[in-house]
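What follows is each chain in one-letter form.
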Amino acid sequence: MQVRPHSIKSRPRFLAALVLVPCLAGCFASPGGESSSDGGQPGSRLRVALAFPPAENFSPYGADATLLSRLGVTEGLTALDANGAAAPALAESWRRENDRTWRFTLREATFQDGADVTPSAVAAALTRATKAKPAPAALAGVTLDAKADGDRGIRVTTAAADPVLPMRLSSPSLAILSPKAYGEKGNPDPVGTATGPFEITKVGGGSATLDRFDDYWGGRAQASGVDARFVKDGTARANAVRTGDVDIAEAIPVAQAATLDKATLKEAGTTRTTGLQLNTRTGPFKDPKLRAAARTAIDSSTIVKGVFEGYADPGAGIFGPAVTWAGSKRVKPAGRAGAAKPDGKRITLATYDNRPELPEVAQVVQQQLEKAGFTVKLEVREYSRLESDALAGKFDAFIGARNSLLDTGDPVGVLGSDYTCDGGYNLALLCDKNVDRAVTKADGTDGTGERQDAAMAAEAAILGTDAVVPLAHQQIIAGVSTKVRGVVLDPYERTLVGTGTRR
């Protein structure tokens, strides 16, 4: 790796200085101390406020994967287009050779450390992802083998037929990094080893500095760099847009939307669903009758009106209205247990405050559950301090916001990662043979319409266990300066800053 003057020198502790900052005034500056608050000249740096700090040292295999893709750092062999279909990225084309084998042709591209993107490097990156523990969500239930094939080819073979492999390889968790990103132990390091239009050059103090990668295969970005801050306080993010301290602020709280000038408020549909996950492995909700009691206690219309102020739709399923085909194909869950009386059962309900609506949602849910007869303790933390405990089953119930098509663009992907015995993001700790059977069937189904039908049958099997109670289907609300052009708000929430984003 070429060593640059601004490169990060000490990787083991480069995130130790990350802290959450509630106020942004005066904290955005370009490298070298020059103010980035200019009049929007070509090549200006972008000042971005993000809701979530890195939770896993910028590992592409977990929740940080989308953080990297949203900032334009990483990319995979493919991407998703506006219709959710696979589109070229590092691979310029592909073809299916048989049920289990696909061949991808690489474009000419360069890693940010100066190395060429070669078939052997891509094959090694994909192989590393298959060995990650836990497995990236996009690979839930999937076994694949990647090998170089000639000067520009990659042949990917799966253990079982995978009709959506090109979509799967678009996942941010399957980003391609330079061989130098992979040490002997631990997660890969994307600093200076990715392929996107922006390169991370400095991390610390609750921030990340990115410079334009001039050798990007898609052409030079119009912004010279990005100064990102991780700010969990949604009010602070909104205030920063109003005062001009930032150019872009993601996840504006609905309570703050009315306070922003209409010209700076950007909305977009999203496939994100807020849901109540019930711990099916231990505690009171191991009993399906108590899970049924929790489901019947919830009134999602109250949450949509009172918390989201209309910037959402009532929870209908794992897939909401932004998945345009889901409503007409939805299957009614069958075999649900009858609700038992809670009789004061004590439960711990957890959520995080990076998305400011969630604590409010949790308070409403707490009230509804208590009215039904549960005794509820509410615990709210910052997400990075909550995720590991949630996945370990240390709470009885968990409220989170999940983009159902984020990992692969394929509706079956989130079902496998979130609700099967071997799922890598199974917050409900669900392990049900009927669910696994339905998801496996859906995963092996070819043909767009047929696969959608099978996915909705699997959704019905999951909802039938009452492991998850859909609460609301959300919209994206972002604050964007009127000087900024080219912000990318997609329903999968994989992108935010691209080559055309500028001020």
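Here is what the cut-offs are and how they apply
- Position numbers for residues count from 1 along each chain, tracking the sequence in the order it is written.
- Given that the model is predicted, a residue must reach a pLDDT of at least 70 before its local features are reported, and side-chain atom pairs must reach 80 or more before they are shown or counted; all residues, however, enter totals for whole chains, interfaces and linings.
- For side-chain calculations, the full set of non-hydrogen atoms in the structure is used, while hydrogens and water are omitted.
- Going along the chain from the N terminus, every DSSP run of H or I of four or more residues is numbered as a helix, and every run of E of two or more is numbered as a strand.
- To get the radius of gyration, use the C-alpha atoms; to get the globule rule, take the number of residues to the power 0.38 and multiply by 2.2 Å.
- For every residue, the accessible area (1.4 Å probe, protein chains only) is compared with the maximum for its type, and the residue is labelled buried under 20%, exposed over 50%, or partly exposed between those bounds.
- His residues and chain termini do not enter the charge count, which takes Lys and Arg as positive and Asp and Glu as negative.
- By convention, charge coordinates are those of NZ in Lys, CZ in Arg, CG in Asp, or CD in Glu.
- Two strands are counted as paired when DSSP detects at least two bridges linking them.
- To estimate the expected span of a helix, subtract one from its residue number and multiply by 1.5 Å.
- The contact criterion used throughout is that any non-hydrogen atoms of two residues lie within 4.5 Å.
- Contacts described as polar in this section are N or O atom pairs within 3.5 Å, which, within protein, must combine one atom able to donate a hydrogen with one able to accept it, while residues neighboring in sequence count only if both atoms come from side chains.
- Interaxial angles span 0 to 180 degrees and are taken between N-to-C directions of axes, which are lines fitted to C-alpha atoms, for helices over the stretch in contact.
- The term salt bridge refers to a pairing of a side-chain nitrogen on Lys or Arg with a carboxyl oxygen on Asp or Glu at a separation within 4 Å.
- Centre distance within 6.5 Å is the pairing criterion for rings of Phe, Tyr and Trp, where only the six-membered ring of Trp is used; planes under 30 degrees apart are then read as stacked, over 60 as edge-to-face, and the remainder as tilted.
- Definition used: whenever NZ (Lys) or CZ (Arg) falls within 6 Å of the ring centre and also within 35 degrees of the ring normal, the charge is taken to sit over that ring.
- Here, nonpolar core refers to any group of buried Ala, Val, Leu, Ile, Met, Phe, Trp, Tyr and Cys residues whose side-chain atoms link them within 4.5 Å.
- Geometric relationships in this document are graded by angle, where less than 35 degrees denotes roughly parallel, more than 145 denotes roughly antiparallel, 65 to 115 denotes roughly perpendicular, and other angles denote oblique.
- It is the rotation of the near helix from the far one that decides the hand of a crossing: anticlockwise by less than a right angle makes it left-handed, clockwise makes it right-handed.
- The nonpolar class holds Ala, Val, Leu, Ile, Met, Phe, Trp, Tyr, Cys and Pro. Asp, Glu, Lys and Arg form the charged class, and all remaining residues, Gly among them, are polar.

S.K.: Can you tell me about the overall build of the protein chain, naming the residues and giving the values?
M.R.: Each helix and strand counted, the protein chain has 13 helices and 17 strands in total. Radius of gyration (C-alpha) of the protein chain: 22 Å, near the 23 Å computed for a compact globule of 503 residues. For the C-alpha atoms alone, the extent of the protein chain along its principal axes is close to 65 × 55 × 40 Å. Counting all 503 residues of the protein chain, 58% fall into the buried class. Placing the 60 positive and 57 negative side-chain charges of the protein chain at their respective mean positions leaves the two points 3 Å apart.

S.K.: Before we move on, could you go through the pairing of strand 9 (residues 207-212) and cite the residues and values that matter?
M.R.: Counting buried positions along strand 9 gives five out of six residues, so the element sits mostly inside the fold. Note that strand 8 (residues 198-204) and strand 9 share six bridges and pair antiparallel. Considered in strand 9, the bridge of K202 is made with T209. From the end of strand 8 to the start of strand 9, which pair antiparallel, there are two residues, and G205 there has a positive phi angle of about 65 degrees. With five bridges joining them, strand 9 and strand 10 (residues 225-230) adopt antiparallel strand pairing. Across the sheet, the residue bridging to A208 is A228, located in strand 10.

S.K.: Before we move on, can you summarise helix 13 (residues 448-464) with the specific residues and values?
M.R.: Taking 1.5 Å of rise per residue, 17 residues should cover 24 Å, and helix 13 covers 24 Å from first to last C-alpha, within 8% of that figure. Taken together, the buried positions of helix 13 are occupied by R451, Q452, A454, A455, M456, A458, E459, A460, I462, L463 and G464. Backbone geometry just after helix 13 places D466 at a positive phi near 60 degrees.

S.K.: Would you mind going over helix 4 (residues 234-243) in detail, with residue names and values included?
M.R.: Among the residues making up helix 4, those that are buried are G234, A236, R237, A238, A240 and V241. Considering only its buried residues, helix 4 is in contact with strand 1 (46-50), strand 11 (248-249), helix 5 (254-257) and strand 17 (468-480). N-capping of helix 4 is provided by D233, with a side-chain oxygen placed 3.0 Å from the backbone N of T235. G244 sits one or two residues past helix 4 and shows a positive phi near 80 degrees.

S.K.: Describe in detail the sheet that holds strand 7 (residues 153-158), supporting the description with residues and values.
M.R.: Judged by pairing direction, the sheet is antiparallel, and its four strands sit side by side in the order 4-5-7-6 without closing on themselves. Of all the strands in the sheet, the pair left with one neighbour each is strand 4 (91-98) and strand 6 (144-149). Averaged over all pairs of adjacent strands, the angle between strand axes in this sheet comes to 20 degrees, irrespective of strand direction. Of the pairings in the sheet, the one linking strand 4 to strand 5 (residues 101-106) comprises six bridges and is antiparallel in character.

S.K.: Let's hear about the pattern of salt bridges: which residues, and what values?
M.R.: All chains considered together, the criterion is met by 29 salt bridges. Among the ionic pairs, R155 bridges to E97, the shortest N-O distance being 2.8 Å. On the criterion of sequence distance, the pair formed by R155 in strand 7 and E97 in strand 4 is long-range, its members being 58 residues apart. The class of R155 is partly exposed, set by a relative accessible area of 27%. Judged by relative accessible area, E97 falls into the partly exposed class, the value being 31%. Residue D443 is joined to R451 by a salt bridge in which the shortest nitrogen-to-oxygen separation is 3.1 Å.

S.K.: Residues and numbers for the pairing of strand 7, please.
M.R.: In this sheet, strand 7 lies alongside strand 5 in antiparallel orientation, the contact comprising five bridges. Among the inter-strand pairings, R103 is bridged to a residue of strand 7, identified as R155. Relative to strand 7, strand 6 runs antiparallel, the two sharing six bridges. Counted as the bridge partner of K147 is R155 from strand 7. Here strand 6 folds back onto strand 7, and the loop between the two strands holds three residues, one of which, G150, carries a positive phi near 80 degrees.

S.K.: Help me get a handle on the packing of aromatic side chains, residues and values and all.
M.R.: Per the stated rule, a full pass over the model turns up eight aromatic pairs. Among the aromatic residues, those joined into a ring-pair cluster are F52, Y352, Y383 and F398. Sitting over the face of the ring of W217, R107 holds its NZ or CZ atom 3.9 Å from the ring centroid.

S.K.: An account of the nonpolar core is needed here, citing residue identities and associated values.
M.R.: Ranked by size, the top nonpolar core spans 57 residues in total, and within it L77, F104 and V226 carry the most contacts. Among the elements that make up this core, the one with the highest residue count is helix 2 (residues 119-130) (six residues). Those residues in contact with V226 that lie beyond four places of it in its chain are R45, L46, V48, L71, F198, A208, T209, L210 and V497.

S.K.: How would you sum up the side chain of Q256? Please name residues and give values.
M.R.: Turning to its location among the elements, Q256 is positioned in helix 5. Beyond its immediate chain neighbours, meaning those up to four positions away, Q256 contacts T235, A238 and R242.

S.K.: Tell me about the packing of helix 11 (residues 411-419) against helix 13, and name the residues and values.
M.R.: In contact at an axis separation of 9 Å, helix 11 and helix 13 are set at 25 degrees when each is read in the N-to-C sense. By the angle between their directions, the pair helix 11 and helix 13 is classed as roughly parallel. You can see that helix 11 and helix 13 cross each other, and the crossing is left-handed. From helix 11, P411, V412, L415 and Y419 reach across to helix 13, where they touch R451, A455, A458, E459 and I462. Here the contact of helix 11 with helix 13 is built from residues that sort into seven nonpolar, no polar and two charged.

S.K.: Break down the environment of Q222 for me, citing the residues and quoting the values.
M.R.: Relative to the assigned elements, Q222 resides in the loop between strand 9 and strand 10. According to the relative accessible area criterion, Q222 is partly exposed, its value standing at 40%. Considered as a pair, Q222 and I176 are 46 residues apart in the sequence and their alpha carbons are 23 Å apart. Engagement of the side chain of Q222 in a polar contact is seen with the side chain of R502, the distance being 3.3 Å.

That's the geometry; what it means functionally is another story.
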